[in-house]
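Examination of the molecular architecture
The lines below spell out each chain.
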Amino acid sequence: MNLYGLTNELVTLPTPYYLYDLDLLNQTLLVAKTAAKKYNIHVHYALKANHNDPLLKKIIATGFGADCVSGPEIEKALESGFSNDKILMAGVGKSDQEIAYALDANIACLNCESLEELQVIATIASSKKLIAPIALRINPDVASFTHQYITTGTEDDKFGIAINDLQVVLKYIQEQPSLNLIGLHFHIGSQISDNSVFDALCEQVNKINKWFINQGIQLPIINMGGGLSIDYLDPVKNSIANFDAHFSRLRNGLQISEIQQIHVELGRSIVGQCGNLVSKILYKKKTAKIEFLILDAGMTELIRPALYQAFHHIEPLEITDDKLPLHNYTVVGPICESSDTFGKDISLPLSERGDILVIRSAGAYGEVMSSNYNLRKKATIFYMENKKLLL
Ligand code: LLP
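Now for a quick tour of the structure. (Residues numbered from 1 in each chain as written. Predicted model: local features only at pLDDT ≥ 70, side-chain atom pairs only at ≥ 80, totals over all residues. Heavy atoms only, no water.)

Structural notes on the packing of helix 6 (residues 115-127) against helix 7 (residues 166-175)
Counted only if it meets this: Note on geometry: axes are C-alpha line fits, over the in-contact stretch for helices, and angles between N-to-C directions span 0 to 180 degrees. Strands here are runs of E lasting at least two residues and helices are runs of H or I lasting at least four, both read from the DSSP assignment and numbered beginning at the N terminus. Oblique is the label for any angle not under 35 degrees, not over 145, and not in the 65 to 115 range, which are roughly parallel, roughly antiparallel and roughly perpendicular in turn. The contact criterion used is simple: two residues touch if any of their non-hydrogen atoms lie within 4.5 Å.
As a packed pair, helix 6 and helix 7 sit with axes 10 Å apart at the nearest point and diverge in direction by 5°. The pairing of helix 6 with helix 7 is recorded here as roughly parallel in orientation. Along the contact surface, helix 6 presents Leu115, Leu118, Gln119 and Ala122, while helix 7 presents Val168, Val169, Tyr172 and Ile173.

Spelled out as structure tokens, the structure:
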């Protein structure tokens, strides 16, 4: 018996491979959709977390919109079946071509991050005789207490328009017939595990929204971005993010009028737990102090531990007797750098060359951030649904 209650077929697949659990994705989407309906929240899926086709198909079927950060992501969203009126575009450095493409595709909104970007959008839109629907991404200067590389909402970060610049920006927009301001956008970081951060964000958003209302402007879209965390430590017990608590927090924390809608852009919390990276132990190596397990997957397949020192739960594919004595291993990949480490002091049953390990919670920012470094081939992708491997 293995982790997923499947027969031995998983052991025979060529490693390393990504294995997506579509049953878990279905359950996650149902929970997210139910909570979104309860609190009247508009969900956009952040394609950057994973744009794998079967996953996108299910997300589209749920009725969620798409949050894209590049021209090719918009193209992918359209090709996959998201309707253009549910597609948003974010990004601190949109190229002229990407802006032109987004306008031609008539997407719902471009989230803008600077006065200069607004000037470029206004020029391109006016040359096309179009009116660009825009939201202002505002940097609310709220710390998100997540990893420094994925913190985006403090004044030292490159993202968003500073609150102090709003007056000038608003005046510019009001003078531009080719710009139609429809919303405010915030995204202060990803994998935010201290939920009080969202309370602090709501407080800032309320102040900013009030400022706009005092200028006589009531914007229909209040987009609160992504950031909802998943449980990397115990993905089995907490396989679905707490959408209800998150949406309730936003609904209760925001002081907005009935004509203002709450939007969110969720990536990790939708797809994070349904992906697993499955890898074989190539070698076991003992040094004076450390016992290494050297896998056939590395930072080329999953860069998160190397880049953000991220923890991913690792366990054997085959379920063995729980009472076996556990050993402490440092689990590493085959790449020629020491950052290629999945985890230190990982407690596993006695493991040998040829055993297969599963690295959990790899559905978000895993496959999409993989590379061909060392000329390695991309991992194969497998899916399971209804407790069966889809081949
Ligand atoms: N909206 C915006 C504007 C974003 O920049 C992001 C993610 C999201 C939404 C989705 O956030 P989520 O729901 O996934 O937290 N590669 C890093 C994560 C980078 C997140 C970038 N922005 C990682 O592996 O942790």
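Let us keep going from here.
Some points on the nonpolar core
What counts here: To qualify as a nonpolar core, a set must consist of buried Ala, Val, Leu, Ile, Met, Phe, Trp, Tyr and Cys residues joined through side-chain atoms within 4.5 Å. Burial classification: accessible surface area is computed with a 1.4 Å probe over protein chains only, and a residue below 20% of its type maximum counts as buried, one above 50% as exposed, and the rest as partly exposed. Boundaries of every domain are those given by an automatic assignment or by a domain database.
With 101 residues, the main nonpolar core has Phe212, Met224 and Ile270 as its most contacted residues. Per-element tally for this core: the top contributor is helix 2 (residues 22-39), with eight residues. Both domains that furnish three or more residues to this core are identified here as domain 1 (9-17 + 273-390) and domain 2 (22-272). For Ile270, the contacting residues outside a window of four places in its chain are Leu25, Thr28, Leu29, Ala32, Tyr45, Ile59, Phe64 and Phe243. One finds Leu10, Tyr17, Val278 and Val358 within the second-largest nonpolar core, a separate group that totals eleven residues.

Here's the deal with the environment of Ile381
You can see Ile381 is positioned in strand 17 (residues 380-385). Residues Ile381 and Gly343, 38 residues apart in the sequence, show an inter-C-alpha distance of 23 Å. Apart from the residues within four sequence positions on either side, Ile381 is in contact with Tyr18, Tyr20, Asn52 and Glu367.

Considering the packing of aromatic side chains
How two aromatic rings sit relative to each other is set out by the distance from centre to centre and by the angle between their planes. Just so we agree on the cut-off: Any Phe, Tyr or Trp ring, taking Trp's six-membered ring, that has another such ring centre within 6.5 Å forms a pair; planes under 30 degrees apart are called stacked, those over 60 apart edge-to-face, and the others tilted.
Summed over the entire model, instances satisfying the criterion amount to five aromatic pairs. Ring geometry for Phe243 and Phe247: centres 6.2 Å apart, planes at 45°, overall tilted. Note that Phe243 and Phe247 are positioned in helix 9 (residues 243-253) at a spacing of four residues, about one turn of the helix. Taken individually, Phe243 and Phe247 each receive the classification buried, so the pair is uniform in this respect. Members of the aromatic cluster, joined through ring pairs, are Tyr18, Tyr20 and Tyr383.

A few points about the environment of Ser178
Its location among the elements puts Ser178 in the loop between helix 7 and strand 8 (179-185). A relative accessible area of 6% means that Ser178 is categorised as buried. Residues Ser178 and Leu130 lie 48 residues apart in sequence; the distance between their C-alpha atoms is 6.3 Å. With near-sequence residues (within four places) excluded, Ser178 lies in contact with Ala122, Ala125, Ser126, Leu130, Ile131 and Ala132.

Digging into the pairing of strand 17
Our working definition: In short, DSSP must find at least two bridges between two strands for them to pair.
Relative to strand 17, strand 1 (residues 17-21) runs parallel, the two being bridged by five bridges. Directly across from Tyr17, in strand 17, lies its bridge partner Thr380. With antiparallel pairing between neighbouring strands as the criterion, strand 17 and strand 18 (residues 388-390) make up a hairpin whose turn holds two residues, including Asn386 at a positive phi of roughly 50°.

Some words on the site of the ligand
Filter applied, for reference: Distances are taken per atom, and a residue is near a molecule or strand as soon as one of its heavy atoms is within 4 Å of it. Whenever two N or O atoms come within 3.5 Å, that pair is a polar contact, provided that in protein one can donate a hydrogen and the other can accept it, and provided that, for residues adjacent in sequence, both atoms are side-chain atoms. All accessibility values rest on the Shrake-Rupley procedure with a 1.4 Å probe; residue burial counts only the protein chains present in the view. Classification convention: Asp, Glu, Lys, Arg as charged; Ala, Val, Leu, Ile, Met, Phe, Trp, Tyr, Cys, Pro as nonpolar; all other residues, Gly among them, as polar.
Taken together, 18 residues sit near the ligand, with Ser190, Glu265, Arg304, Tyr308 and Tyr365 positioned nearest. The side chain of Tyr365 places a nitrogen or oxygen atom 2.6 Å from an oxygen atom of the ligand. In isolation the ligand offers 590 Å² of accessible surface; the protein chains occlude 92% of this area. At the level of secondary structure, the elements contributing two or more residues to the shell around the ligand comprise strand 10 (261-266) and helix 11 (304-308). Counted by class, the shell around the ligand contains six nonpolar, six polar and six charged residues. Structurally, the shell around the ligand is a two-domain feature, drawing no fewer than three residues from each of domain 1 (9-17 + 273-390) and domain 2 (22-272).

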